[in-house]
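Commentary on secondary and tertiary structure
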Amino acid sequence: AFVAGEFIRWLGEQEADTPWFAHVSFIRPHPPFVVPEPYNRMYEGADVGTFARAGDRSADASIHPLHAAALDLTGLEHFLPGAAGKVADLSDDEFRLIRTIYLGMISEVDAQLGRIWQALADANAWDDTIIVLTSDHAEMMGDHLTLGKGGFFDGSHHIPLVVRDPRR
């Protein structure tokens, strides 16, 4: 909300009919997995889909030695403030809860982007503004018993790229 608000404030300071460029970078969605209301309660565990996995922990560990090491070493403290233990030891219900929070984080960013789009429209700049939306990495969200961006699985590399060019 702060980043969107600062962009909106900055946009209001730009002279009409003068070209401008802005790089607006949201920190979320990103660990640690915390999000304010109402976004923290927008999704239910049953709404978050299934996990991509090889089977049980042993089957996932057998995929690659580096993945086996990550399952044994990756701690929760990087993802959940104050948490202890290993990511791979989370239950499916705990992974589902994390997914609900992560989806809430995405919804919060969507809401802030909506504020930005509205500010562009209000400033009569919507039809003159090229928008490029992307991300620095994806999130495993429980697939292969992992969290975060690392690894060589598809889920770690699926990032958005949206280009809106009003001339097209």
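Refer to the preceding data block for the structure.
First, a word on scope: everything that follows refers to the structure included in this document.

What counts and what doesn't
Residues numbered from 1 in each chain as written. Predicted model: local features only at pLDDT ≥ 70, side-chain atom pairs only at ≥ 80, totals over all residues. Heavy atoms only, no water. Helix = DSSP H or I, 4+ residues; strand = E, 2+ residues; numbered from the N terminus. Buried < 20%, exposed > 50% of the residue type's maximum accessible area, 1.4 Å probe, protein only. Contact = heavy atoms within 4.5 Å. Areas by Shrake-Rupley, 256 points an atom, 1.4 Å probe, with all protein chains shown as cover. Phe/Tyr/Trp six-rings, centres within 6.5 Å; stacked < 30°, edge-to-face > 60°. Expected span 1.5 Å × (residues − 1). Axes fitted to C-alpha atoms, helices over the stretch in contact; angles between N-to-C directions. Parallel < 35°, antiparallel > 145°, perpendicular 65-115°, else oblique. Nonpolar A, V, L, I, M, F, W, Y, C, P; charged D, E, K, R; others polar. Core = buried A, V, L, I, M, F, W, Y, C linked by side-chain atoms within 4.5 Å.

Turning our attention to the overall build of the chain. Each helix and strand in the chain was counted, giving four helices and two strands. The order of helices and strands in the chain, counted from the N terminus, is α-α-α-α-β-β. By principal-axis analysis of the C-alpha atoms, the chain measures approximately 60 × 30 × 25 Å. Taking all 168 residues of the chain together, 31% fall into the buried category. Contacts in the chain between residues at least 24 apart in sequence constitute 66% of all its contacts with a sequence separation of at least 6. Taken as a whole, the chain presents about 10,400 Å² of accessible surface, with 55% of it coming from carbon and sulfur.

In this structure the tally under the stated criterion is eight aromatic pairs. With 5.8 Å between their ring centres and 90° between their planes, Phe-33 and Tyr-102 make a pair best called edge-to-face. Linking Phe-33 in the loop between α1 (2-12) and α2 (57-61) with Tyr-102 in helix α4 (residues 92-122), this pair joins segments that are 69 residues apart in sequence. For the residue pair Phe-33 and Tyr-102, the accessibility class agrees, reading buried in each case. Plain terms: the ring middles of Trp-117 and Trp-126 are 5.8 Å apart, the flat faces sit at 50° to each other, and that makes the pair tilted. Chaining the aromatic ring pairs together yields one cluster made of Phe-7, Trp-10 and Trp-20.

Turning to α4, a few remarks are in order. One full turn of an α-helix is made of 3.6 residues, so residues set three or four places apart face in the same direction. Between its terminal C-alpha atoms α4 stretches 45 Å, which fits the 45 Å expected from 31 residues at 1.5 Å a residue. Positioned one or two residues after α4, Asn-124 has a phi angle of 55°, which is positive.

Here the focus is unusual backbone geometry. The peptide bond linking Arg-28 to Pro-29 adopts the cis configuration, its omega dihedral lying at -5°. Cis geometry marks the peptide bond from Glu-37 to Pro-38, where omega comes out at 5°. Looking at the element boundaries, Pro-38 is found in the loop between α1 and α2. Positive phi values are uncommon outside glycine, yet Asp-17 reaches one of about 65°. By the element assignment, Asp-17 lies in the loop between α1 and α2.

The next thing to look at is the side chain of Ser-156. As for its placement among the helices and strands, Ser-156 is situated in the loop between β1 (131-134) and β2 (161-164). Sequence-distant contacts of Ser-156, that is, excluding residues within four places in its chain, are made with Ala-138, Met-140, Lys-149, Gly-150 and Gly-151.

Quick look at the side chain of His-67 now. Along the chain, His-67 turns up in helix α3 (residues 65-73). For His-67, a relative accessible area of 4% translates into the label buried.

Let us look at the packing of α1 against α4. Geometrically, a packed helix pair is captured by the angle between its two axes and the distance between the axes. Two elements in contact, α1 and α4, have axes whose closest approach is 9 Å; the angle formed by their N-to-C orientations is 10°. With respect to each other, α1 and α4 are oriented roughly parallel. Together, Ala-4, Gly-5, Phe-7, Ile-8 and Leu-11 of α1 and Gln-112, Arg-115, Ile-116, Ala-119 and Leu-120 of α4 make up the contact between the two elements. Considered class by class, the residues forming the contact of α1 with α4 number seven nonpolar, two polar and one charged.

General note: in soluble globular proteins, nonpolar side chains tend to be found buried as a group. Judged by nonpolar contacts, the single largest core of 18 residues is most densely connected at Phe-33, Val-87, Leu-90, Phe-95, Met-105 and Leu-147. For this core, the element with the most residues is α4, which contributes five residues. The residues contacting Leu-90, other than those within four sequence positions of it, are Leu-76, Phe-95, Ile-98 and Leu-147. Counting residues in hydrophobic clusters, the runner-up holds eight residues, among them Ala-4, Phe-7, Ile-116 and Ile-131.

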